[in-house]
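Letter by letter, the chains look like this.
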Protein chains: 2
Amino acid sequence: MTDILIRGAGLLGTSLGLALSQTGARTFLEDRDPGAVATAVGMGAGTDADCPAPEVVFVAVPPDQIAREVAAALTRFPQATVSDVGSVKSEPIAALAAVAADLSRYVGGHPMAGREISGAAAGRGDLFEDRPWILTPVADTDPQRLAQVSGLAQSTHAVVRLMDPDEHDRAVALCSHAPQVVASLLAAQLLGASPADVSVAGPGVRDTTRIAASDPDLWAQILLANAEHVDAHMSRFADDVIAFRKALVGGDASGVRALLARGVEGRGMLPGKHGGEAADFVTVSVVIEDAPGQLAALFQRAGEADVNLEDVRIEHTLGRLRAIAHLKVRPDSDQRLRESLVTGGWHLRG
Amino acid sequence: MTDILIRGAGLLGTSLGLALSQTGARTFLEDRDPGAVATAVGMGAGTDADCPAPEVVFVAVPPDQIAREVAAALTRFPQATVSDVGSVKSEPIAALAAVAADLSRYVGGHPMAGREISGAAAGRGDLFEDRPWILTPVADTDPQRLAQVSGLAQSTHAVVRLMDPDEHDRAVALCSHAPQVVASLLAAQLLGASPADVSVAGPGVRDTTRIAASDPDLWAQILLANAEHVDAHMSRFADDVIAFRKALVGGDASGVRALLARGVEGRGMLPGKHGGEAADFVTVSVVIEDAPGQLAALFQRAGEADVNLEDVRIEHTLGRLRAIAHLKVRPDSDQRLRESLVTGGWHLRG
């Protein structure tokens, strides 16, 4: 039986304890907050007993403590493989390299999983299922240690990918950190708005600012740990903001249009469903009444028509007790779904 | 019977023709493109016959032609009330005031309705149902003409609101135009990204850039027509980008945190469902298989538990043929829904 020590009994540490103990590993939990450990142990994430010789240590502490915790674990357990779950990789590795002579036993990791709430009590054994878990080996990394951590990650049903630490940090800066900053700064513009100003808010501003509701403390740490890559993206973004304002104020229609067209093209770079190519789906919009069972009946009807819904978005309409469901389907299902809904008495919408 | 002339047989003009002719009005369509008129007439949006004396003229042309078209209609039909459907109001009114001696017969309007596709063939008689239709009377506006347009708008089942033109333009700059610019410029950052860079894209960047897929030609016109208000918001936004970058590069954790916290607060300014206050909902996340009928069964179960779903978001997971449905419910329904789903064999997710 594999002995695994998890340092940090927050959302990720507790979830990891739950997931790994389900696979038969023996998990040990440590946290400077005894209450967090007690909660995690009570949930079945592991034991609070001493773990004198773990085979693997997972460091699951806040971003600004990762390097120190990994270095301490490498010293404390001279045989153990040490990994972490931090969302930024280069900076902790550089900090580690400055204090640890040998990084062969360290395997950097980033399970891309989370919840809107944090803490041990939010832990779930299925948190990592189907999620990317990126491992960032360096030249010194022992391939057997890498395989060991990869096997544990896969045992949680995560999808393991290997990336260079810097490549990882650049990618998350682009696809996660810069969007977080932009959404937050855009949402901040709503401060001080009058009720009349926000009364015209529709689905666009809602979607664009959704992630602005994230935890500022955690995100400040993440962004600062990846400051160089984030700022590189924000610098290019800021240049585009300047170029846009210049075109706008100068009445340069083709300049404004060209910048918007770049956005259309950039949006098309995002991979589609299931990590494949972006697909063209057709949207069918249906009126739903604000009552239990309406969505159920709608989706049952779609199922009866043998139509697979690729995506669903619910839009609440102004001051009325009804909503519009926007259903995305493959083009070859479009007509079948429309006919089935109309004959079922549903009200399709433009 | 009221005779209504609609100038412009695109998405909005055709939809307006369909909606108003359903209420018993006689609608006449004109467009410089005879094919658009033929399509609209074929759909039942009205007739292409001459309309010598309309009671109301709706101008439904692209933004940069509105002022000229409204002025022409006021001259051509000296008794008619003239309205429009443009999404920016102050600039056309100023342009009109410069050429028309009397604006008492003009009632500016902005039905906040649209589709992802354009053109006559995309027209729908229910396009305006439950949507805000903002009317922007000025000091000169004849109250009876205002009531006349308001009545017609309400007959399409839109929700009519009166706003000052400048107040309207400031509000849409904040809640629609600035988010469009920011989403487009953010999406443009994805250009030139490698497949590895975008392989880590998750729901956050997708939501933040969704509206970047909009039509650059139409949006360039809208933004230029509202340049002053849009630039005022973009100027404040640009200041925040500069402040953020300074805090980030300077390692100023409390500065970074404070800017993110402003985003959390700003996001909370958006009105909640049905135009009411933003409500705190609880999210229940459920694994759904990628097969017809799964969503139906899920929502049926929720309906049987008498739980009203406030919102639904479908998240596709990486490289797997399944997805996660995030269901938002009122806090007092949370436990009931979870129990019902678990006993029904559903797999809840963190």
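Residues numbered from 1 in each chain as written. Chains lettered and ligands numbered in written order. Predicted model: local features only at pLDDT ≥ 70, side-chain atom pairs only at ≥ 80, totals over all residues. Heavy atoms only, no water.

Regarding the packing of aromatic side chains
All names here are of chain A.
Next, step 1: Within the structure shown, the criterion is met by 5 aromatic pairs over all chains.
Next, step 2: Taken together, a centroid distance of 5.2 Å and an interplanar angle of 40° make the contact between Phe128 and Trp133 tilted.
Next, step 3: The buried category is assigned to Phe128, whose relative accessible area is 1%.
Next, step 4: In textbook terms, an aromatic cluster arises when at least three aromatic residues are bridged by ring pairs, as seen for Phe58, Phe128 and Trp133. (Phe/Tyr/Trp six-rings, centres within 6.5 Å; stacked < 30°, edge-to-face > 60°. Buried < 20%, exposed > 50% of the residue type's maximum accessible area, 1.4 Å probe, protein only.)

Concerning the pairing of strand 1 (residues 3–7) of chain A
Both faces of the sheet carry side chains from a regular strand, because those side chains alternate between them.
Residues and elements named next belong to chain A.
Next, step 1: Counting buried residues in strand 1 gives 4 out of 5 residues, a clear majority hidden from the surface.
Next, step 2: With 5 bridges connecting them, strand 1 and strand 2 (residues 26–30) associate as parallel partners. Considered in strand 2, the bridge of Arg7 is made with Glu30.
Next, step 3: What joins strand 1 to strand 2 is helix 1 (residues 11–22), and the crossover it makes is right-handed.
Next, step 4: Looking at chain direction, strand 1 and strand 3 (residues 56–59) are connected through 4 bridges and run parallel. Counted as the bridge partner of Ile6 is Phe58 from strand 3. (Helix = DSSP H or I, 4+ residues; strand = E, 2+ residues; numbered from the N terminus. Pairing = 2+ DSSP bridges. Right-handed = clockwise from strand over helix to strand, strands pointing away.)

Concerning the domain arrangement of chain A
Next, step 1: Taken domain by domain, chain A comprises domain 1 (3–163), domain 2 (168–267) and domain 3 (282–349).
Next, step 2: Computed over C-alpha atoms only, the centres of domain 1 of chain A and domain 3 of chain A are separated by 43 Å. (Domains from an automatic or database assignment.)

Here's the deal with the pattern of salt bridges
Residues and elements named next belong to chain B.
Next, step 1: In this structure the tally under the stated criterion is 26 salt bridges over all chains.
Next, step 2: The shortest N-O distance in the salt bridge between Asp240 and Arg262 comes to 4.0 Å. Pair noted here: Asp240 is in helix 10 (residues 227–249) and Arg262 is in helix 11 (residues 253–267), with a separation of 22 residues, a long-range link.
Next, step 3: Residue classification places Asp240 among the buried positions, given a relative accessible area of 13%.
Next, step 4: Judged by relative accessible area, which is 35%, Arg262 ranks as partly exposed. (Salt bridge = Lys/Arg side-chain N within 4 Å of Asp/Glu carboxyl O.)

Let's talk about the interface of chain B and chain A
Next, step 1: The partner chain A presents 131 residues to the 131 residues of chain B that form the contact.
Next, step 2: Buried area between chain B and chain A, both sides added, is near 12100 Å², and the carbon and sulfur share of it is 62%.
Next, step 3: Our enumeration of links across chain B and chain A arrives at 8 salt bridges.
Next, step 4: Measuring nitrogen to oxygen at the nearest pair gives 2.4 Å for the salt bridge that ties Asp207(A) to Arg210(B). (Contact = heavy atoms within 4.5 Å. Buried area = accessible area lost by both parts, 1.4 Å probe.)

Focus on unusual backbone geometry
It is generally the case that most residues other than glycine have a negative phi and that most peptide bonds are trans.
Next, step 1: Unlike most non-glycine residues, Asp130(A) shows phi in positive territory, near 70°.
Next, step 2: Along the chain, Asp130(A) turns up in the loop between strand 6 (109–111) and strand 7 (132–135).

What to know about the packing of helix 12 (residues 294–304) of chain A against helix 12 (residues 294–304) of chain B
Helix-helix packing: each pair is described by the crossing angle between the helix axes and the interaxial distance.
Next, step 1: Here helix 12 of chain A crosses helix 12 of chain B at 160°, and the two axes come no closer than 7 Å. With respect to helix 12 of chain B, the axis of helix 12 of chain A lies roughly antiparallel. Considering how the two elements wind past one another, helix 12 of chain A and helix 12 of chain B form a crossing that is left-handed. Contacts between helix 12 of chain A and helix 12 of chain B involve Leu295(A), Ala296(A), Phe299(A) and Gln300(A) on the former and, on the latter, Leu295(B), Ala296(B), Phe299(B) and Gln300(B).
Next, step 2: Residues that form the contact of helix 12 of chain A with helix 12 of chain B fall into these classes: 6 nonpolar, 2 polar and no charged. (Axes fitted to C-alpha atoms, helices over the stretch in contact; angles between N-to-C directions. Parallel < 35°, antiparallel > 145°, perpendicular 65-115°, else oblique. Left-handed = near helix turned anticlockwise from the far one by under 90°. Nonpolar A, V, L, I, M, F, W, Y, C, P; charged D, E, K, R; others polar.)

Observations concerning the nonpolar core
Next, step 1: In this structure, Leu223(A), Phe237(A), Val256(A), Leu223(B), Phe237(B) and Val256(B) are the most contacted members of the largest nonpolar core, which totals 50 residues.
Next, step 2: Beyond its immediate chain neighbours, meaning those up to four positions away, Val256(A) contacts Phe244(A), Ala247(A), Leu248(A), Ala220(B), Leu223(B) and Leu224(B).
Next, step 3: With 42 residues, the next largest nonpolar core counts Val286(A), Ala302(A), Ile288(B) and Ala323(B) among its residues. (Core = buried A, V, L, I, M, F, W, Y, C linked by side-chain atoms within 4.5 Å.)

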